[in-house]
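Spelled out, the chains give:
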Amino acid sequence: MTTMTLACGLLCTQQPTEKAAPILTADQAALQRAKQRIKTLEDEVKTLKSTKAKKPAVKKPAQAKPKRPPSKTYEVTAYTNDAESTGKSTGDPDYGVTASGARTKTGHTIACPPSMAFGTRLNIEGIGVRTCEDRGGAITEGHIDLYVAGVAEARNFGRQRLKAEIITK
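Note that the structure is predicted; figures quoted are calculated from it, not measured. (Residues numbered from 1 in each chain as written. Predicted model: local features only at pLDDT ≥ 70, side-chain atom pairs only at ≥ 80, totals over all residues. Heavy atoms only, no water.)

**Student:** Is there a simple way to think about the environment of E165 in this case?
**Tutor:** Relative to the assigned elements, E165 resides in strand β6 (residues 160-168). Along the primary structure E165 and R121 are separated by 44 residues, whereas in three dimensions their C-alpha atoms are 8.5 Å apart. (Helix = DSSP H or I, 4+ residues; strand = E, 2+ residues; numbered from the N terminus.)

So, in structure tokens, the structure goes:
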């Protein structure tokens, strides 16, 4: 072969070309983009599901315990059913009957200020739980009168400053 033929052969030899992407219509291109977006979203959903499955269960916050009202210091005295404390004598039909209509009971009844409803229960320091069932002319805010059976016991009790906590209203 001649030099010319060789040169022409080298220059004219067609090199393999890369395949050109087919030309798509607008609808085909939109469909291809939509399919790609669906694939991406499906992958995201899989990732989220696997992450959610690995997360520890969320604990519900513990219910807050109801706060107890703080104790308050009261001036505590004692009273009896006798005329000295109530102005009623033994023959009086209201003798031993409280302002709420209940009968006085040792270890149970107290006279409270008007701000406390009848039935309110107080836990009195060193005394225990007592129920507000009575009122009295000398019973003002910050004062509680404890029912006791005898005059001597009432006198021995005297006046005391004790803490009391309302436990029910």
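**Student:** I'm lost on the side chain of H143 in this one. Help?
**Tutor:** Along the chain, H143 turns up in strand β5 (residues 143-147). When near neighbours in sequence (up to four residues on either side) are disregarded, H143 contacts Y74, E75, T77, A111, P113 and A138. (Contact = heavy atoms within 4.5 Å.)

**Student:** Explanation requested: the packing of aromatic side chains in the structure shown.
**Tutor:** Each aromatic ring pair is described using two quantities: the centre-to-centre distance and the angle formed by the ring planes. Tallied over the full model, the rule gives 1 aromatic pair. Geometrically, the ring pair formed by Y79 and Y147 is edge-to-face, given 5.6 Å between the ring centres and 70° between the ring planes. On the criterion of sequence distance, the pair formed by Y79 in strand β1 (residues 72-79) and Y147 in strand β5 is long-range, its members being 68 residues apart. If you follow R135 out to its NZ or CZ, it ends over the ring of F118, 4.3 Å from the centre. (Phe/Tyr/Trp six-rings, centres within 6.5 Å; stacked < 30°, edge-to-face > 60°. Lys NZ or Arg CZ within 6 Å of the ring centre and 35° of its normal.)

Just distances and angles here, no functional claims.
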